[in-house]
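One-letter residues, chain by chain:
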Amino acid sequence: TRRQPLHPVVALLAALAGAALLLDAARRVLLLVGVSAAAPAQRSPCNRICRRNPSFMDGTVCIGCFLADDEVRGWSSFNARERGWALADAAERRSEWEQYTGVTASDAEDDYGGFDATTDGADATDAYGGFEQTDAVPRPWTVLLDRDGVLNKDVGSPGVVRAEQFELLPGVSDAVRALKEDGHACVVVTNQNARKKGLLSAKTLDKLHASLRREVPVDDIFVATGLDGPALKPAPDLLNLALGDADRDRAVLVGDARTDMIAACRAGILAVLVTSSHHGVACAAELAEA
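Description of the structure in this document. Given the structure is predicted, the values throughout are model-derived calculations rather than measurements.

### What about the overall build of the chain?
In terms of regular secondary structure, the chain is built from nine helices and nine strands. Accessible area for the chain stands at about 14000 Å²; split by element, carbon and sulfur atoms hold 52% of it.

Okay, structure coming up:
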């Protein structure tokens, strides 16, 4: 079966805490990359099998002909002008879909808008509603990962200052490796203000990150210390440095603290909160009361 884009993020979230705590975060990541299960297939006016993606316009548009449900129902009664209006709207939706997914949809008669019919037949209700994706592979995402409480166990203030305190959370290495195999960039962005407090030496920090790199195949590690270089989160400086010229519409920060959520907002990217530390639990409670 076809590997879905960014699925390993869900595995990463599940590795960080119990499934009950992370259900909402996992759901939001799934909606982010459009890998929710398709609605049952049905005929469209173009005599194709409609596939609706619940994460795109609430699942009211066929990701094939790009007609909305009300247009499908009224198609037989539309006059030529009304059909022209509907097709113009569908063309705009097609452009939005291509930007949203990175998949170029085609309107050729033989490929069903970027999908080929599978051997399961017209009534198939698999991930592509009876169709197999045939054209461009979705563009990769840039996944920014906070460190303490996301990749390794949060030991509380002042943070990890000795090698023996550094302990990866279960499943993190496999989840990041799966993301990398799917072509996504994985970059660590971490505040380490224990350096400014004089509690953590540069040599120890380098050793900790060398150990992290041996276990987790991240592309790079960016650190804010409060001494020099990028400002500490929640300032967006660290995220901006890590992102460079990456597409911010296809970037997400996975974090466990209020500072992570604010930094992501200021950097103009999406964020996923995990409750795998006391910071995450406190932030989730604060958001619930907002």
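The discussion continues.
### Digging into the layout of surface pockets
In this structure, the largest pocket occupies an estimated 460 Å³ of space. Along its surface, the largest pocket is lined by 22 residues, and Asp 148, Asp 154, Asn 191, Asn 193 and His 279 are the ones closest to its centre. Every element with two or more residues in the lining of the largest pocket is listed here: β6 (185–191), α8 (258–267) and α9 (278–289). Of the residues that constitute the lining of the largest pocket, the class distribution is four nonpolar, 10 polar and eight charged.

### Describing unusual backbone geometry
The step from Ser 157 to Pro 158 runs through a cis peptide bond, and the omega angle for that step is 5°. Inspection of the secondary structure assignment puts Pro 158 in the loop between β5 (142–145) and α5 (172–181). Of note, the bond from Lys 233 into Pro 234 is cis; its omega dihedral lies within 30 degrees of zero at 25°. Relative to the helices and strands, Pro 234 is located in the loop between β7 (220–224) and α7 (237–243).

### Describing the sheet that holds β5
If you walk across this open sheet you meet the five strands as β7-β6-β5-β8-β9, and the pairing is parallel. Where the open sheet ends on each side, the last strands, each with one partner, are β7 and β9 (270–273). On average, adjacent strands in this sheet sit at an angle of 25° to one another, irrespective of strand direction. With four bridges joining them, β5 and strand β8 (residues 251–255) adopt parallel strand pairing. For Val 143, the partnering residue across the bridge sits in β8 and is Val 252. Those strands touched by α8 are β8 and β9, and its axis lies near 170° from that of β9.

### Looking at the pairing of β5
Regular strands place their side chains on alternate faces of the sheet. Residue alternation in β5 divides its side chains into two sets, Thr 142 and Leu 144 and Val 143 and Leu 145, and both sets are buried. Summarising the sheet, β5 and β6 pair through four bridges and their orientation is parallel. Opposite Thr 142, over in β6, you have Ala 185 as the bridge partner. At this point the chain moves from β5, through α5, to the parallel β6, and the crossover so formed is right-handed.

### Regarding the environment of Arg 213
With respect to the helices and strands, the residue Arg 213 is situated in helix α6 (residues 202–215). Counting along the chain gives 40 residues from Arg 213 to Ser 173, while the straight-line C-alpha distance between them is 9.8 Å. The contacts of Arg 213, once residues within four sequence positions are left out, are Val 218, Asp 219, Asp 220 and Ile 221. Separated by 3.3 Å, the side chains of Arg 213 and Asp 220 make a polar contact.

### Let's talk about the environment of Asp 89
Structurally, Asp 89 can be placed in helix α4 (residues 80–101). Residues Asp 89 and Leu 67, spaced 22 residues apart in sequence, show a C-alpha to C-alpha distance of 7.8 Å.

Conventions adopted
Residues numbered from 1 in each chain as written. Predicted model: local features only at pLDDT ≥ 70, side-chain atom pairs only at ≥ 80, totals over all residues. Heavy atoms only, no water. Helix = DSSP H or I, 4+ residues; strand = E, 2+ residues; numbered from the N terminus. Areas by Shrake-Rupley, 256 points an atom, 1.4 Å probe, with all protein chains shown as cover. 1 Å grid on protein atoms, 1.4 Å probe; cavity = no way out; pocket = protein on both sides within 12 Å on 5 of 7 lines; lining within 4 Å. Points joined across faces, edges and corners; volume = space filled by probe spheres on them. Nonpolar A, V, L, I, M, F, W, Y, C, P; charged D, E, K, R; others polar. Pairing = 2+ DSSP bridges. Axes fitted to C-alpha atoms, helices over the stretch in contact; angles between N-to-C directions. Contact = heavy atoms within 4.5 Å. Buried < 20%, exposed > 50% of the residue type's maximum accessible area, 1.4 Å probe, protein only. Right-handed = clockwise from strand over helix to strand, strands pointing away. Polar contact = N/O pair within 3.5 Å; in protein donor to acceptor, adjacent residues only side chain to side chain.

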